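# Examining the three-dimensional arrangement
Next come the chains, spelled out residue by residue.
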Amino acid sequence: MPRQQQPAERPAVRPVRRRSYDQFDATARALDSVGDRWTLLIVRELLGGPRRYTDLHADLPGVSTDVLASRLKDMEQSGLALRRKLPPPSAASVYELTERGHDLLPVLAALAAWGAPALAERRPTDAVRAHWFALPLLGALTGLTREGVLEVRLDEGEFHLHVGLRAGGGAGFVLPGAEAYGAVYGYGPADRPDARIVLGAEACLELAQGGATFTEAVKDGRVEVLGDGPLAAELRGE
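Quick notes on the rules
- Residues numbered from 1 in each chain as written.
- Predicted model: local features only at pLDDT ≥ 70, side-chain atom pairs only at ≥ 80, totals over all residues.
- Heavy atoms only, no water.
- Buried < 20%, exposed > 50% of the residue type's maximum accessible area, 1.4 Å probe, protein only.
- Helix = DSSP H or I, 4+ residues; strand = E, 2+ residues; numbered from the N terminus.
- Pairing = 2+ DSSP bridges.
- pLDDT = per-residue confidence, 0-100.
- Contact = heavy atoms within 4.5 Å.
- Phe/Tyr/Trp six-rings, centres within 6.5 Å; stacked < 30°, edge-to-face > 60°.
- Lys NZ or Arg CZ within 6 Å of the ring centre and 35° of its normal.
- Core = buried A, V, L, I, M, F, W, Y, C linked by side-chain atoms within 4.5 Å.
- Salt bridge = Lys/Arg side-chain N within 4 Å of Asp/Glu carboxyl O.

### Quick word on the pairing of strand E4 (residues 157-163)
Taking burial as the measure, the seven residues of E4 include five buried ones, the bulk of the element. When strand E3 (residues 148-154) meets E4, the two strands line up antiparallel, connected through seven bridges. Each residue of the ladder has a partner; that of Val149, found in E4, is His162. A loop of two residues connects E3 with E4, the two strands running antiparallel in sequence. Examined bridge by bridge, E4 and strand E5 (residues 185-187) share three bridges and lie antiparallel to one another. Bridging across to E5, His160 finds its partner in Gly186.

Structure below.
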């Protein structure tokens, strides 16, 4: 029988001296913590809530196990993330953002908005995950007055967001049931969504870049809104 592929394990990490720009400057100090390759993408993944090492490795295609383990260790030492064991009967450990790590949300949102124009054409080598569209879409949904959980369906998969008045930032920018510095979005379908939307990746990116308003995208059929509640009605422009 063919040998089954084993899940990635967290390798041992040798302590190394962190590099620094050695500049008395806020930007340089910030880059001392998050300027290494992969660090901000790990933050992006942890904004979806606590994750196991194997899950992080699966959703960060291209990163080696050694580099991922090293970056996670650096993030722990910098106070951006922590590692904890799940309660019994689970024996797994998960990584999650600290308050300081969660404070990088507006940084990631700004980078997503700045980088969106570079996604005009998908390269053959580009990997994609549905939840990578969460931060760009959140920016396009700013201003909703009805609060609730929105399930998003793309060809690439599903994820869910907490939208509305409390989703403007800070401790309110979390999913129901999450801790104060918990998940900004959730993986997969929601348990009890207040509304659902179905759209393509192209429409999602156009919304993120401001090429169309959400109402316009609904009216011309690029976005389908499902549900009967107040949030669904507002999304439809009713």
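Further notes follow.
### Points about the confidence of the model for the protein
Averaged over all residues, the pLDDT of the protein is 87; the fraction at 70 or higher stands at 85%. Ignoring residues within four places in sequence, the model shows residues 1-6, a span with pLDDT below 50, making zero contacts including any to other chains. The model gives residues 167-180 a pLDDT under 50, and that stretch makes 28 contacts with residues more than four places away or in other chains.

### Concerning the packing of aromatic side chains
For any pair of aromatic rings, the description consists of the separation of the ring centres together with the inter-plane angle of the planes. Overall, the coordinates contain one aromatic pair when judged by the stated rule. An angle of 75 degrees between the planes, with centres 5.4 Å apart, marks the rings of Tyr185 and Tyr187 as edge-to-face. The exposure class of Tyr187 is partly exposed, given its relative accessible area of 28%. A cation over an aromatic ring shows up here: Arg51 above the ring of Tyr187, its NZ or CZ 4.1 Å from the ring centre.

### Thoughts on the nonpolar core
Core analysis: the biggest nonpolar cluster contains 54 residues, and Leu161, Ile197 and Leu235 have the highest contact counts within it. Among the elements that take part in this core, helix H8 (residues 201-208) stands out by supplying five residues, more than any other. Apart from residues no more than four positions distant in its own chain, Ile197 is found in contact with Leu137, Leu150, Glu151, Val152, Arg153, Phe214, Val223, Glu224, Val225 and Leu235.

### What about the pattern of salt bridges?
Taken as a whole, this structure holds 14 salt bridges when the rule is applied. The salt bridge partner of Glu45 is Arg44, with a shortest N-O separation of 2.9 Å. Across the pair, Arg44 and Glu45 agree in class, each one buried. Overlapping salt bridges bring together Arg44, Glu45, Arg51, Asp59 and Arg129 as one network.

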